[in-house]
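Structural overview for review
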Amino acid sequence: MGTYKWLFHSSRYPVKPCDTAAKFDHKNNNHIVVIRKNRFYVVPLADAAGRELSAAELEAQFDTIIRDAGPKRSSTPVGVLTSDNRDIWADARETLLAASPSGKNAELLNKIEGAMIVVALDDTKPVTREEISWGTWVGDGRNRWYDKHQRKFMTLLGCFRTSRLIYLVHSDRL
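On a predicted model such as this, the values are computed, not experimentally measured, just so you know.

Some words on the packing of helix H2 (residues 86–98) against helix H3 (residues 104–114)
Across the interface, H2 lies against H3 with an axial gap of 8 Å and an inter-helix angle of 130°. Of the possible angle classes, the one that applies to H2 and H3 is oblique. Each of Arg 93, Leu 96 and Leu 97 in H2 lies in contact with H3, whose residues at this interface are Asn 105, Ala 106, Leu 109 and Glu 113. Of the residues that constitute the contact of H2 with H3, the class distribution is 4 nonpolar, 1 polar and 2 charged.

Right, dumping it as structure tokens:
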């Protein structure tokens, strides 16, 4: 049961020589991050008055994201960096942070890392167990954020699959 606290609002960080992890306060990070076509969207889980959004309201948010992302992928799949060798990702993360002296990149990374979960909205239409498994664990690697302990993906068919990667991650350093 000690790992339960790491399911939501947590993230791991690429650090040399060994990754680290952080837990975020759910009261200050009451949102999820949705990735669609390599674009990241922050979706609040409650309105300004603190009322939790309904399933229908969240579905409407997903529909808006699908329309907003359009038919073409972003040419900068930042999420793929999280699938690389951990030392390479550690250097790339530092480069991302340094590229934004205003702190905007740090703010955006913090939104992703502090999110309750990350949801990837994919274009795939998996049918076989192998296709579903591949989509759950890997996808194309671009429309993902592998440093989150709890990730989900949804396909165009509306199949909602869960990828619970608490410690079943590609790194041997956490």
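Still more ground to cover, so stick around.
Comments concerning the nonpolar core
Core analysis: the biggest nonpolar cluster contains 12 residues, these being Ile 32, Val 34, Tyr 41, Val 43, Leu 45, Phe 62, Ile 65, Ala 69, Ile 117, Val 119, Leu 121 and Met 154. Contributing elements (two or more residues each) for this core: strand S3 (31–36), strand S4 (39–44), helix H1 (55–69) and strand S5 (118–121). It is H1 that contributes the most residues to this core, 3 residues altogether. Apart from the residues lying within four places of it in its own chain, the contact partners of Leu 45 are Asn 30, His 31, Ile 32, Arg 51, Glu 52, Leu 53, Leu 58 and Met 116. With 9 residues, the next largest nonpolar core counts Trp 89, Leu 109, Ala 115 and Val 118 among its residues.

A few points about the side chain of Lys 148
The topology assignment puts Lys 148 in the loop between helix H4 (129–137) and strand S6 (150–154). One polar contact links the side chain of Lys 148 to the main-chain carbonyl oxygen of Glu 113, over a distance of 2.9 Å. In contact with Lys 148, not counting residues within four places along its chain, are His 9, Ser 10, Ser 11, Ile 112, Glu 113, Gly 114, Ala 115, Met 116, Ile 117 and Val 118.

Some words on the confidence of the model for the protein
The predicted structure's coordinates, where accompanied by low pLDDT, should not be read in detail. Taken over all residues, the pLDDT of the protein has a mean of 84, while the share at 70 or more is 87%. Contacts from residues 159–174, a stretch scored under 50 in pLDDT, to residues over four places away or in other chains number 51 contacts.

Description of the pattern of salt bridges
Applying the stated criterion across every chain, the model contains 11 salt bridges. Linking Asp 147 and Arg 12 is a salt bridge whose minimum nitrogen-to-oxygen distance equals 3.1 Å. With a gap of 135 residues between them, Asp 147 in the loop between H4 and S6 and Arg 12 in strand S1 (residues 10–13) connect regions that are remote in the sequence. Considered together, Asp 147 and Arg 12 belong to a single accessibility category, that of buried residues. Two residues, Asp 123 and Arg 36, come together in a salt bridge whose shortest N-O distance is 2.9 Å. Of the two residues, Asp 123 sits in the loop between S5 and H4 while Arg 36 sits in strand S3, which places them 87 residues apart along the sequence. By relative accessible area, Asp 123 is classed as partly exposed at 34%. Exposure remark for Arg 36: the relative accessible area of 5% places this residue in the buried category. Among the charged side chains, a network of salt bridges with common partners joins Arg 12, Asp 19, Arg 86 and Asp 147.

Some remarks on unusual backbone geometry
Omega for the peptide link from Lys 16 to Pro 17 comes to 0°, which places this bond in the cis form. Checked against the element boundaries, Pro 17 lands in the loop between S1 and strand S2 (20–23).

What to know about the environment of Lys 125
Inspection of the secondary structure assignment puts Lys 125 in the loop between S5 and H4. For Lys 125, a relative accessible area of 54% gives the class exposed. In this structure the C-alpha to C-alpha distance between Lys 125 and Gly 135, which are 10 residues apart in sequence, comes to 9.4 Å.

A few points about the packing of aromatic side chains
With the rule as written, the count across this model stands at 2 aromatic pairs. A ring pair is formed by Phe 40 and Trp 145, whose centres lie 5.7 Å apart and whose planes are at 90°; its orientation type is edge-to-face. On the criterion of sequence distance, the pair formed by Phe 40 in strand S4 and Trp 145 in the loop between H4 and S6 is long-range, its members being 105 residues apart. A relative accessible area of 28% places Phe 40 in the partly exposed class. Given a relative accessible area of 0%, Trp 145 falls into the buried group. Summarising the aromatic geometry, the rings of Trp 89 and Trp 145 are spaced 5.8 Å apart at their centres and angled 85° between planes, so their arrangement reads as edge-to-face. Of the two residues, Trp 89 is situated in helix H2 and Trp 145 in the loop between H4 and S6; the sequence distance between them amounts to 56 residues. By relative accessible area, which is 0% here, Trp 89 ends up buried.

Parameters and conventions
- Residues numbered from 1 in each chain as written.
- Predicted model: local features only at pLDDT ≥ 70, side-chain atom pairs only at ≥ 80, totals over all residues.
- Heavy atoms only, no water.
- Axes fitted to C-alpha atoms, helices over the stretch in contact; angles between N-to-C directions.
- Helix = DSSP H or I, 4+ residues; strand = E, 2+ residues; numbered from the N terminus.
- Parallel < 35°, antiparallel > 145°, perpendicular 65-115°, else oblique.
- Contact = heavy atoms within 4.5 Å.
- Nonpolar A, V, L, I, M, F, W, Y, C, P; charged D, E, K, R; others polar.
- Core = buried A, V, L, I, M, F, W, Y, C linked by side-chain atoms within 4.5 Å.
- Buried < 20%, exposed > 50% of the residue type's maximum accessible area, 1.4 Å probe, protein only.
- Polar contact = N/O pair within 3.5 Å; in protein donor to acceptor, adjacent residues only side chain to side chain.
- pLDDT = per-residue confidence, 0-100.
- Salt bridge = Lys/Arg side-chain N within 4 Å of Asp/Glu carboxyl O.
- Phe/Tyr/Trp six-rings, centres within 6.5 Å; stacked < 30°, edge-to-face > 60°.

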